[in-house]
Amino acid sequence: MIKRNTGFSNLTAGYLFPEVARRRREYAAGHPDAKIISLGIGNTTEPLSPHIAKAMSDYALALSTPEGYSGYGDEQGNSALRSKIAEVFYPRMADASEIFISDGAKCDIARIQTLFGSKVKVAVQDPAYPVYVDGSVVAGAAGKNNGNGYEGISYLPCTPENEFFPDLSKIEKNTLIYFCSPNNPTGATATKEQLKKLVDFANENGCIIIYDAAYFAFIRDKNLPKTIYEIPGAKTCAIEVNSFSKPAGFTGVRLGWSVVPNELKFEDGSSVNRDWNRVMTTLFNGASNIAQAGGLAALDEQGLKDMTAQVDYYLENGRLIKNVLEGENFRSAGVVAYFTGNGPYVWAKFPGKASWDIFDKILDECHVVTTPGSGFGPAGESFIRFSSFGHRADIEEACKRLSLLKL
Ligand code: MLT
């Protein structure tokens with residue numbers, strides 16, 4: 001018999017969002033009249049921009065003609081889209097040879113782990129998007145869960161006490177550092193000064209940063225960096241992963257990209273970009289050509305305007321949620337809500353309470369699904385994440401119910 005990959009036996013729980021969905025289904029089965037509203041997974045809800053949808057529909061229809069048909073494309077992505085992403089998001093910071101188109105940031109994060117193998121040391125912000133940790137466990141770069149997290153992973157607490165920026169001195173040399181900004185789940189968005197500290201630390205200590213910028217489009221504060229490449233020195237220490245999911249509503253369409261600078265090197269001086277090219281051409285077969293047509297439309301003048309409008313809509317939802325969490329019922333229970341206005345998540349602390357208990361209480365009393373902070377790591381305990389993705393009427397109804405929650 002073939003032995004099981006120990007990475008899977010080391011994983012302690014199911015992936016966070018299916019577990020949230022399972023609890024929701026179980027609750028709904030026992031309460032068929034409950035009109036449940038989800039402020040759980042960050043899944044987009046608003047219709048695609050007609051401009052972007054038309055580009056995809058035109059492309060799809062053309063596939064039924066001899067002139068318009070195309071089969072496999074370049075595994076690294078359509079060259080026009082690679083150039084456009086470089087031009088729009090990374091002017092003077094990256095060129096097309098450094099941009100790789102994919103089926104989304106989550107898939108890239110998983111594939112990136114093949115670049116570093118099972119011997120790499122890993123550090124994550126705590127709390128963090130679960131793919132960094134779970135993916136590292138599956139890849140064998142982390143061991144068993146000892147109750148405080150997985151062995152081999154350095155958890156870097158990011159809490160209100162340190163303004164959600166980790167103590168970098170806790171990171172060993174030659175470590176792969178996952179860093180997400182605007183952060184999922186806390187919403188904290190690193191300043192230029194903070195990112196400079198991170199970049200300098202990585203360069204001085206032989207570390208590589210996997211910079212998850214999937215929520216960059218939510219940044220409204222003009223002083224905050226939208227990409228790590230705004231920081232001098234980032235090209236020798238950082239890979240950026242990014243996505244059309246949240247700004248363009250492509251969570252189901254699937255389209256993302258990674259930036260792997262030509263200057264980035266392994267210990268032996270070999271090129272990370274060249275190995276990433278090998279990963280993408282060997283383990284991936286190119287993003288959907290229809291989705292890439294949508295990506296190109298998203299980056300023209302109209303597309304960019306439409307994406308900004310969609311993100312503004314979700315940001316307003318976030319403000320409504322934050323306001324209700326500052327109501328008397330929450331305040332008197334000591335609840336503190338964090339919402340930066342530069343990300344889609346509201347992160348709230350319920351002092352002295354376990355995250356899953358609060359999750360169950362809100363589900364039971366308000367019929368609102370949230371995400372328990374402890375699902376993002378040990379430092380997320382006692383927190384709840386509220387997602388601002390939702391139709392406005394649902395958000396308003398959820399806020400009404402939350403305002404009546406007895407804590
Ligand atoms: C989240 O809710 O954390 C994310 O939307 C899930 C994802 O992007 O995979």
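Residues numbered from 1 in each chain as written. Predicted model: local features only at pLDDT ≥ 70, side-chain atom pairs only at ≥ 80, totals over all residues. Heavy atoms only, no water.

Comments concerning the UniProt feature "domain: Aminotransferase class I/classII large" (unreviewed entry) in the chain
In the UniProt entry, the feature "domain: Aminotransferase class I/classII large" (unreviewed entry) is given for residues 35-402. As annotated, residues 35-402 comprises 37% helix and 15% strand, and the C-alpha atoms at either end are separated by 14 Å. (UniProt positions renumbered as here; feature names shortened; annotations may be inferred. Helix = DSSP H or I, 4+ residues; strand = E, 2+ residues; numbered from the N terminus.)

Observations regarding the packing of aromatic side chains
How two aromatic rings sit relative to each other is given by the distance of their centres and the angle of their planes. According to the stated counting rule, one finds 24 aromatic pairs in the structure shown. Relative to F218, the ring of Y215 lies with its centre 6.3 Å away and its plane at 55°, an arrangement referred to as tilted. Relative accessible area serves as the criterion here: at 6%, Y215 is assigned to the buried category. The class of F218 is buried, set by a relative accessible area of 0%. Here a set of aromatic residues connected by ring pairs shows up, and it is made of Y215, F218, Y313, Y314, Y345 and F389. Lying over the aromatic face of F100, R82 brings its terminal NZ or CZ to 5.2 Å of the ring centre. The cationic tip of R385 hangs over the ring face of Y345; the distance from NZ or CZ to the ring centre is 3.8 Å. (Phe/Tyr/Trp six-rings, centres within 6.5 Å; stacked < 30°, edge-to-face > 60°. Buried < 20%, exposed > 50% of the residue type's maximum accessible area, 1.4 Å probe, protein only. Lys NZ or Arg CZ within 6 Å of the ring centre and 35° of its normal.)

Quick word on the site of the ligand
Taken together, F17, I41, G42, K106, Y129, N184, Y215, K246, Y345 and R385 make up all the residues around the ligand. The contact in question runs from an oxygen atom of the ligand to an N or O atom on the side chain of R385, over 2.7 Å. Coverage of the ligand by the protein amounts to 85% of the 270 Å² it exposes when considered alone. Of the residues assigned to the shell around the ligand, the class counts are 5 nonpolar, 2 polar and 3 charged. Of the residues that make up the shell around the ligand, three or more belong to each of domain 1 (6-47 + 303-402) and domain 2 (53-301). (Near = heavy atom within 4 Å. Polar contact = N/O pair within 3.5 Å; in protein donor to acceptor, adjacent residues only side chain to side chain. Areas by Shrake-Rupley, 256 points an atom, 1.4 Å probe, with all protein chains shown as cover. Nonpolar A, V, L, I, M, F, W, Y, C, P; charged D, E, K, R; others polar. Domains from an automatic or database assignment.)

Digging into the sheet that holds strand β4 (residues 153-157)
Strand order in the open sheet formed by 7 strands is β2-β8-β7-β6-β5-β3-β4, with mixed pairing between adjacent strands. Lying at the two open borders of the sheet, with one neighbouring strand each, are β2 (99-102) and β4. Averaged over all adjacent pairs, the angle separating strand axes in this sheet is 20°, with direction ignored. The pairing of β2 with strand β8 (residues 256-259) spans 4 bridges and is classified as antiparallel. Residue pairing for β8: I101 is matched across the bridge by W257. Where helix α4 (residues 79-89) meets the sheet, it contacts β2 and β8, and its direction lies at approximately 115° from that of β2. Across the sheet, helix α9 (residues 272-283) is in contact with β2, β6 (208-212), β7 (238-243) and β8; its angle to β2 comes to roughly 20°. (Pairing = 2+ DSSP bridges. Axes fitted to C-alpha atoms, helices over the stretch in contact; angles between N-to-C directions. Contact = heavy atoms within 4.5 Å.)

Topic: the pairing of strand β5 (residues 175-180)
Among the 6 residues that make up β5, 6 are buried, leaving the element largely enclosed by the rest of the structure. Taking every second residue as pointing to the same face, both faces of β5 are buried, with T175, I177 and F179 on one and L176, Y178 and C180 on the other. Note that strand β3 (residues 121-126) and β5 share 4 bridges and pair parallel. Counted as the bridge partner of K121 is T175 from β5. Across 5 bridges, the pairing between β5 and β6 is parallel. Following the sheet pairing, F179 is matched in β6 by Y211.

Things to note about the environment of T44
Position of T44 relative to the elements: it lies in the loop between β1 (37-38) and α3 (50-62). In this structure the C-alpha to C-alpha distance between T44 and L299, which are 255 residues apart in sequence, comes to 19 Å. The residues touching T44, leaving out its near neighbours within four places in the chain, are S245, K246, G249, T251, Y314 and F389. Only 2.7 Å separates the side chain of T44 from the side chain of T251, close enough to count as a polar contact.

Section: the UniProt feature "modified residue: N6-(pyridoxal phosphate)lysine" (unreviewed entry) in the chain
Under the local residue numbering, the UniProt record ascribes the feature "modified residue: N6-(pyridoxal phosphate)lysine" (unreviewed entry) to K246. Look past the residues within four positions of K246 in its chain and what remains in contact with it is G42, T44, A214, Y215, F218, T251, Y314, Y345 and F389.

Some words on the sheet that holds strand β9 (residues 336-338)
In sheet architecture, strand pairing relies on hydrogen bonds along the backbone and comes in two forms, parallel and antiparallel. If you trace the 4 strands from one edge of the open sheet to the other, you get β9-β10-β13-β12, paired in antiparallel fashion. Edge strands, defined here as strands with exactly one partner in the open sheet, are β9 and β12 (371-372). The pairing of β12 with strand β13 (residues 383-387) spans 2 bridges and is classified as antiparallel. Residue pairing for β13: P372 is matched across the bridge by I384. Taken strand by strand, helix α13 (residues 355-366) contacts β12 and β13, and its axis lies near 45° from that of β13.

Examining the domain arrangement of the chain
Per the domain assignment, the segments making up the chain are domain 1 (6-47 + 303-402) and domain 2 (53-301). With centres defined by C-alpha atoms, the gap from domain 1 to domain 2 works out at 24 Å. Taken residue by residue, the interface counts 37 residues in domain 1 and 48 residues in domain 2. Taken together, the two surfaces of domain 1 and domain 2 that pack against each other cover about 3,400 Å², and 62% of this comes from carbon and sulfur. (Buried area = accessible area lost by both parts, 1.4 Å probe.)

Section: unusual backbone geometry
Residues D126 and P127 are joined by a peptide bond in cis, for which omega reads 10°. You can see P127 is positioned in the loop between β3 and α6 (130-138). With an omega dihedral of -10°, the bond running from S181 to P182 counts as a cis peptide bond. Residue placement: P182 occurs in the loop between β5 and α7 (192-205). Even without being a glycine, N174 presents a positive backbone phi close to 55°.

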